[in-house]
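# Tertiary structure, described
Each chain is listed here by its residues.
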Amino acid sequence: MNSIWSEMKTDLLNKEYLDAEDIFLKVLSETYRYSTPNAKLFTDLYNWYSCGIEDGMYQFFEFEYRTVESLSDLGVVIKRYLGESAYDIFQKCITELMPLVYDDTADSDAIDEISKTMDTYFKENERDLLSGIKRYLIEEGDKIAQEIGW
């Protein structure tokens, strides 16, 4: 583990979930450029969170590289680190929202209704979600750092 990640990890361990977002963004700014498994998984995890908070969950599915395998891997991480409720929302994204977004005759009212439910969830659970992302990065960050050369 080199000094870049070592310093970030130390900061991450000492920061509260909200104060850690600057570290999440620093890691994200590097990981999005890599297609290695752990780097890509962190990118997906943070994008899923940030789309839910900022952009609307349907934005998450616009990334062209989504595969069944990558979504499955992301689901495992969400369930483990963010909890059952977050996993249920993720499943709703996959089974209800995603098909609507890609439908040629998309029902915008249905998309809006599901999106509002998800927006509410993300806003009400921001602390738990960020805490889960922090736990994930603390536990998996060494692997990510190795993949991106930190």
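Shown above is the structure to which this text applies.
These notes cover the structure that comes with them.

With that settled, the discussion passes to the overall build of the protein. Counting its secondary structure elements, the protein contains seven helices and zero strands. From first element to last, N terminus to C terminus, the protein shows the α and β order α-α-α-α-α-α-α. The C-alpha radius of gyration computed for the protein amounts to 16 Å, which stays within 12% of the reference 15 Å derived for 150 residues, consistent with globular compactness. With the principal axes as the frame, the protein shows a C-alpha extent of 50 × 30 × 20 Å. Burial status across the protein gives 44% buried among its 150 residues. By sequence separation, contacts in the protein at least 24 residues apart represent 65% of the contacts at least 6 residues apart.

The next thing to look at is the side chain of Lys 9. Topologically, Lys 9 is positioned in helix H1 (residues 3-14). Owing to a relative accessible area of 17%, Lys 9 belongs among the buried residues under this scheme. Engagement of the side chain of Lys 9 in a polar contact is seen with the side chain of Asp 142, the distance being 3.3 Å.

Across all of its chains, the model carries nine aromatic pairs by this definition. Centroid distance Phe 42 to Tyr 46: 6.1 Å. Interplanar angle 25°. Geometry classified as stacked. Of this pair, Phe 42 and Tyr 46 both sit in helix H3 (residues 37-55), four residues apart, which is roughly one turn of that helix. A relative accessible area of 0% means that Phe 42 is categorised as buried. Between Phe 42 and Tyr 136, the aromatic rings sit 6.4 Å apart at their centres with planes inclined by 5°, giving stacked as the arrangement. Taken together, the residues span a long stretch of sequence, with Phe 42 in helix H3 and Tyr 136 in helix H7 (residues 126-148) at a distance of 94 residues.

Rules and cut-offs
Residues numbered from 1 in each chain as written. Predicted model: local features only at pLDDT ≥ 70, side-chain atom pairs only at ≥ 80, totals over all residues. Heavy atoms only, no water. Helix = DSSP H or I, 4+ residues; strand = E, 2+ residues; numbered from the N terminus. Rg over C-alpha atoms; globule rule 2.2 N^0.38 Å. Buried < 20%, exposed > 50% of the residue type's maximum accessible area, 1.4 Å probe, protein only. Contact = heavy atoms within 4.5 Å. Polar contact = N/O pair within 3.5 Å; in protein donor to acceptor, adjacent residues only side chain to side chain. Phe/Tyr/Trp six-rings, centres within 6.5 Å; stacked < 30°, edge-to-face > 60°.

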